[in-house]
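Fold and geometry: a report
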Amino acid sequence: DAEITQSPRHKITETGRQVTLACHQTWNHNNMFWYRQDLGHGLRLIHYSYGVQDTNKGEVSDGYSVSRSNTEDLPLTLESAASSQTSVYFCASSDQSSTDGLAGAYNEQFFGPGTRLTVL
Amino acid sequence: DAKTTQPPSMDCAEGRAANLPCNHSTISGNEYVYWYRQIHSQGPQYIIHGLKNNETNEMASLIITEDRKSSTLILPHATLRDTAVYYCIVKPRFQKLVFGTGTRLLVSP
């Protein structure tokens, strides 16, 4: 069955280290997203991509980067991890359906299981 | 995007219908109403969405008022597994999702 996976599921790192979180989907979806979730803030969008070689900044992109070299993967990199980046990270994907109407799958985002990152 | 207002928490007895309200009085004509939920420690899960007509799928029903200023998500026979945070999101179809703080639904035996 098609799915979206994230790895690692748990990560502990130190301040200043570079960290990469992996996201892999097998639905062949064009759109992929990274969110972080913190108590009191809900889910906030970090970066997103509408296709290969396309990346866009979300509302909390500082300190993060992504690259999209193929359809299946959107790795999230923390260039120099900070304690403020301790959070749960969710990856999501959606299909860019060309059909109109409520049956279109464009905005039904499928979320991964999450990665819990702790920066000490 | 239109702002939404949801109660922070609700309770429901198992087997009863859970009716989760959402106010979106500033909704624009091109904005859809989406519902997602997040069960503890899991990623969010899409439930349903609609524009102006009521919608039903295998998970839930979405009732949108005629003026589109509010909506209600109905879980017809709530189970313990429906305990989750429910997010109402209003936005144009081709814009990204913005999650608020949602309604925490507790289904009790």
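Before reading on, note that the structure itself is shown above.
The following refers to the structure shown.

Rules of the game
- Residues numbered from 1 in each chain as written.
- Chains lettered and ligands numbered in written order.
- Predicted model: local features only at pLDDT ≥ 70, side-chain atom pairs only at ≥ 80, totals over all residues.
- Heavy atoms only, no water.
- Pairing = 2+ DSSP bridges.
- Helix = DSSP H or I, 4+ residues; strand = E, 2+ residues; numbered from the N terminus.
- Axes fitted to C-alpha atoms, helices over the stretch in contact; angles between N-to-C directions.
- Salt bridge = Lys/Arg side-chain N within 4 Å of Asp/Glu carboxyl O.
- Buried < 20%, exposed > 50% of the residue type's maximum accessible area, 1.4 Å probe, protein only.

1. Section: the sheet that holds strand 1 (residues 4-7) of chain A
All names here are of chain A.
- With respect to topology, four strands assemble into an open sheet ordered 1-3-8-7, the strand pairing being antiparallel. Each of the sheet's edge strands pairs with one partner strand only, and the pair in question is strand 1 and strand 7 (64-66). Direction aside, the axes of adjacent strands within the sheet are offset by 20° on average.

2. Focus on the pattern of salt bridges
- Enumeration according to the criterion identifies four salt bridges over all chains in this entry.
- The salt bridge partner of A:Arg17 is A:Glu14, with a shortest N-O separation of 3.4 Å.
- According to the relative accessible area criterion, A:Arg17 is partly exposed, its value standing at 48%.
- Judged by relative accessible area, which is 45%, A:Glu14 ranks as partly exposed.
- A salt bridge links B:Asp82 to B:Arg37, with the nearest nitrogen and oxygen atoms 2.8 Å apart. Here B:Asp82 is found in the loop between strand 7 (70-75) and strand 8 (84-92), whereas its partner B:Arg37 is found in strand 3 (residues 31-38), with 45 residues between them in sequence.
- Residue B:Asp82 is classed as buried on the basis of its relative accessible area of 12%.

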